[in-house]
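The primary structure of each chain is shown beneath.
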Amino acid sequence: MEKANKNQSRRSFLKVTSLTGGGMMIGISWFANLIPNEAMAHVADNNNWVQLNGFIQITPDNQVKIFNPNPEFGTNVMTSLPMMVNEELEADWSKVIVEMGDYDTPRFKSQFTGGSRAMAMAWMPLRTAGATARLMLMQAAANQWGVPLIELRTEKGEIVHINSGKRLTYGAVATAAAKLPKPEKVALKKPGEFSLLGTPQKNKVGKEILSGQSLFTMDYQVEGMLIAMVIHPPAFGMQLKSLDASEALKMPGIKDVFEFQVYKDGYVKAGFDTRTFNKLIAVVGNSTWEVMNARKKVVAEWEPIQTTKEPVMARGGRRDEMIPAGLESTDEHLRQMHEMQKKPMRVARKDGDPEAAFKNANRVIERTYTAPFLAHNPMEPISCFAHITDEKAFFVAPIQIPEMMKQNIVANLDIKPEQLEMKLARMGGGFGRRAYGHYIVEAGHISKKVKAPVKLIYTREDDMTNGIYRPTYIMTYKAAIDENNNVTALHVIGGGFPESPLHENRFPAGAIDNYLAESWELPTNITIGAYRAPRSNFNASAEQSFLDELAEAVGKDPLDFRIDLLKKAKANPVGKNNDYDASRYIGVLELLKEKSNWGSPATKNAKRGVSAYFCHASYAAHVVDVTMKNGQPYVEKVVTAMDCGFVVNPEGAKNMVEGAVIDGIGNALYGELVLEKGATQQKNLNNYRIIRHREAPKKIEVHFVQNNIDPTGLGEPPFPPVFAAVANALYKAIGKRLYHQPYIKELNKQKA
Amino acid sequence: MAKFQLKINGKQLSVDVDPSTPLLWVLRDHLHLVGTKYGCGAGACGACAVHLNGNALRSCQLPVSAVGTQAITTIEGIAISETEMHPVQKAWLELDVAQCGYCQTGQIMSAVALLKRNPNPSETDIEAAMTGNICRCGTYIRIKAAIQHVAKSSKK
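Residues numbered from 1 in each chain as written. Chains lettered and ligands numbered in written order. Predicted model: local features only at pLDDT ≥ 70, side-chain atom pairs only at ≥ 80, totals over all residues. Heavy atoms only, no water.

**Student:** It is not clear to me how the interface of chain B and chain A should be interpreted in this structure. Could you clarify?
**Tutor:** The figure often quoted for interface size is the accessible area lost as the parts come together. With 64 residues of chain B at the interface, the matching set in chain A holds 73 residues. Between chain B and chain A the total buried area reaches about 5,800 Å² when both faces are included, carbon and sulfur atoms providing 57% of it. Along the contact surface separating chain B from chain A lie 7 salt bridges. Its salt-bridge partner being A:K698, residue B:E123 comes within 4.0 Å of it at the nearest N-O pair. Across the contact surface, chain B and chain A share 30 residue pairs in polar contact (both at pLDDT 80 or more). At the level of secondary structure, the elements contributing two or more residues to the side of chain B that touches chain A comprise strand 2 (11–17), helix 1 (23–30), helix 2 (87–94), helix 3 (104–117), helix 4 (123–130) and helix 5 (140–155) of chain B. Across the side of chain B that touches chain A, the residue classes break down as 30 nonpolar, 19 polar and 15 charged. (Contact = heavy atoms within 4.5 Å. Buried area = accessible area lost by both parts, 1.4 Å probe. Salt bridge = Lys/Arg side-chain N within 4 Å of Asp/Glu carboxyl O. Polar contact = N/O pair within 3.5 Å; in protein donor to acceptor, adjacent residues only side chain to side chain. Helix = DSSP H or I, 4+ residues; strand = E, 2+ residues; numbered from the N terminus. Nonpolar A, V, L, I, M, F, W, Y, C, P; charged D, E, K, R; others polar.)

Printed below as a string of structure tokens:
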């Protein structure tokens with residue numbers, strides 16, 4: 001067996017590769033590439049790099065490297081964020097090397113993958129970093145030539161003296177530039193002056209991904225590394241009682257089997273410290289298959305948990321999180337949720353006099369919507385590499401917001417903050433799941449115990465049954481309609497386990513004179529967390545389904561009905577704190593109306609549905625065309641309109657929206673995690689249904705509102721409105737409204 | 001443990017592993033060919049697709065003892081040369097298919113096998129051949145377009 005492993009402490013390696021179009025480029029693989037016999041030019045990464053600031057390094061022979069600060073889980077920040085730097089830096093983008101930054105948030109200001117915030121958070125600092133470096137390079141050239149700065153311009157990584165035509169590469173002056181004081185102020189280009197931003201650019205690491213290079217945590221290997229897996233209780237509401245490891249320890253290749261506690265007793269959890277079970281069994285061995293086999297030999301006894309309270313310090317201050325005893329089930333959750341909807345709850349917002357409006361109504365429409373728990377199921381199951389020594393705590397971690405995990409790692413592994421070193425691996429999907437880094441702490445404990453480098457791997461079953469899920473929710477909408485078909489009042493109640501989906505200040509709040517929003521939550525021992533547009537992903541489905549039904553009830557076109565309401569909210573907003581811009585909302589709907597050729601289906605068999613939503617600072621609206629294929633719904637085509645401000649990379653942006661639309665269709669129709677006696681009934685991808693090729697639309701058209709508003713995100717905003725667009729089109733196709741996700745289950749239940 | 005001689009990407013490689021070890025883990029853990037991905041271990045997602053005598057197959061379902069002398073090709077072995085990618089990989093680049101990228105090597109292996117036996121697949125053929133490969137990011141439209149792009153280019 002060839003040993004091609006590289007020690008993880010070595011710095012990155014440059015690899016000379018060729019572009020498919022000819023021409024050489026330097027590609028970067030920050031993990032040691034493990035493929036034997038591949039031609040590699042190993043160059044110690046930090047040899048000749050001159051650092052101009054935290055984001056930019058240049059070699060004397062004019063190689064330019066830009067660091068991407070944000071962990072990459074597929075939104076293509078490895079391309080779009082360095083584009084922001086380079087727009088101002090004006091290096092040759094085709095030759096720029098992009099490298100994933102290590103965890104070093106002070107250096108990068110922000111390393112945050114979540115909340116669709118990358119674009120907005122990076123917009124000023126990354127362009128400023130590029131502009132600052134460029135100015136320093138120009139000043140160094142001006143000094144060298146003895147000419148004023150104003151006589152210089154830059155072009156593709158070179159400084160040009162305009163009058164004489166003399167040129168210097170960035171590399172030639174980088175060392176001198178790095179010694180200059182940092183300019184306090186730099187001018188940034190205006191959108192009309194951009195040459196790179198706003199142009200479609202391909203994924204900077206596309207080749208590395210498609211050739212199967214070692215990019216993901218799952219791929220990470222070092223000499224002497226052990227594989228670890230954890231065994232957790234078979235159901236929520238259970239805990240480890242006793243462990244008999246004797247048989248498992250006899251299995252070939254097994255180094256250790258032991259129980260361990262993830263967080264210390266009394267540890268005050270921060271917002272992203274959610275973990276499932278605190279006592280786990282670790283099985284550690286030489287190879288994955290040996291560990292998989294040995295874990296089957298572990299004999300464990302489990303017992304029911306007692307109701308406990310765990311301290312949490314998160315949004316809203318310190319509180320005690322109730323973890324109720326019991327084995328919970330989906331049926332019981334649904335029963336309780338429906339029960340709760342009948343009672344008066346906490347009032348989150350009230351405008352006008354809704355009681356009077358309902359009393360005086362000519363008609364009242366009331367509808368209740370529900371949705372199940374969802375598992376994130378990123379394609380790469382949870383994993384983490386850890387090597388804890390006396391000197392340092394080294395991790396290769398797939399983590400969305402590393403800074404949020406720091407105090408947790410330090411506190412629970414008893415290390416000093418300065419001992420923590422973390423490489424941020426490319427993540428095989430995240431969708432919110434990888435915001436909760438309990439697995440980093442788990443890997444750390446195991447490495448400490450076995451005193452070796454360890455890669456912790458969750459199997460798909462572990463990943464799915466030991467999850468931090470999208471909660472189950474319910475929402476009831478009630479509208480009062482007068483004799484002239486005006487909607488005079490709206491009453492919304494939202495609740496769920498263990499959080500409410502309600503966003504009381506979202507549209508149609510602000511457009512309805514009399515409005516009441518109520519909210520509640522019940523405790524559960526099922527762990528939940530952010531899932532692509534948390535709360536919005538259900539809120540939108542209920543709200544936008546109800547608006548569709550309301551439009552029909554008052555005899556209006558559903559798209560025009562929304563626009564009319566928004567026009568009212570724009571001209572004369574009701575109440576305070578409406579958290580949307582009615583003009584931009586109208587803008588996406590009008591663009592959608594035009595581009596979808598609203599009113600005429602794409603094919604004669606297709607039925608159309610519309611939906612729109614605003615969340616995470618961007619506006620999205622979809623028209624979907626549904627046909628029935630062998631009695632089952634099929635979304636054939638989708639037309640989307642988006643307003644995310646200035647579109648940084650139109651190619652990547654389109655890809656993101658397409659993906660969110662497909663994810664939305666899949667979850668609307670098929671997504672569900674059912675619980676029985678505390679155990680998830682779906683345990684692997686053979687029965688947790690994720691949308692597949694033949695179920696994906698044939699066409700998704702994405703249109704962006706053209707404006708120069710500072711960019712906002714796309715990872716989440718297009719996702720929530722898909723659900724209702726599907727439901728609304730399905731209504732047209734089958735003549736029945738569907739209220740309970742996944743829709744295919746309700747549809748087939750109705751048929752039976 | 002037992003010794004196996006495997007023919008992988010045109011090379012003879014030897015491993016000493018438990019005979020029941022799935023080819024997936026032999027490739028990943030023992031031969032450091034990490035382009036073949038673990039997604040489910042149940043043959044349900046296609047992330048671990050490799051070629052056995054040119055046909056796409058889930059390496060998580062194949063014990064190493066069943067491989068024998070059959071030729072295995074992984075994502076690391078499909079490039080035309082060290083400097084030139086396979087036309088399917090090029091199409092994937094051209095159409096900017098990947099998001100997170102984790103499933104894409106498996107998608108490419110399935111696509112290469114499809115195009116080998118059916119150089120001009122219809123939309124239905126593509127859907128049928130690719131439906132075993134899950135992409136959680138939802139890049140299906142681009143995957144299909146990339147396959148059609150290869151089919152079209154090869155006709156010219």
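**Student:** Whenever I open this one, the pattern of salt bridges confuses me. Can you help?
**Tutor:** Where charged atoms of side chains with opposite charge meet at close range, the side chains can pair. All names here are of chain A. What the rule picks out here adds up to 52 salt bridges over all chains. Salt-bridge contacts for K568 lead to D513; the nearest nitrogen and oxygen are separated by 3.1 Å. Of this pair, K568 sits in helix 14 (residues 558–571) while D513 sits in the loop between strand 25 (487–497) and strand 26 (514–521); the two residues are 55 residues apart in sequence, bridging distant segments of the chain. The exposure class assigned to K568 is partly exposed, which follows from its relative accessible area of 32%. When the shortest N-O distance is used, the salt bridge between D625 and R608 registers 2.7 Å. Taken as a pair, D625 in strand 28 (residues 618–629) and R608 in strand 27 (residues 607–615) lie far apart in primary sequence, 17 residues in all. By the burial criterion, D625 is buried, and R608 matches it. A single network of salt bridges, built from pairs that share partners, joins R367, D548, E549, E552, R562 and R737. (Buried < 20%, exposed > 50% of the residue type's maximum accessible area, 1.4 Å probe, protein only.)

**Student:** What am I meant to see in the packing of aromatic side chains here?
**Tutor:** Geometrically, a pair of aromatic rings is defined through the distance of the ring centres and the angle of the planes. Applying the stated criterion across every chain yields a total of 25 aromatic pairs over all chains. Taking the centre distance of 5.1 Å and the plane angle of 90° together, the rings of A:F216 and B:Y102 count as edge-to-face. Taken as a pair, A:F216 in the loop between helix 5 (206–210) and strand 10 (226–231) and B:Y102 in the loop between helix 2 and helix 3 lie in two separate chains rather than in one. Given a relative accessible area of 2%, A:F216 falls into the buried group. Judged by its relative accessible area of 0%, B:Y102 is buried. (Phe/Tyr/Trp six-rings, centres within 6.5 Å; stacked < 30°, edge-to-face > 60°.)

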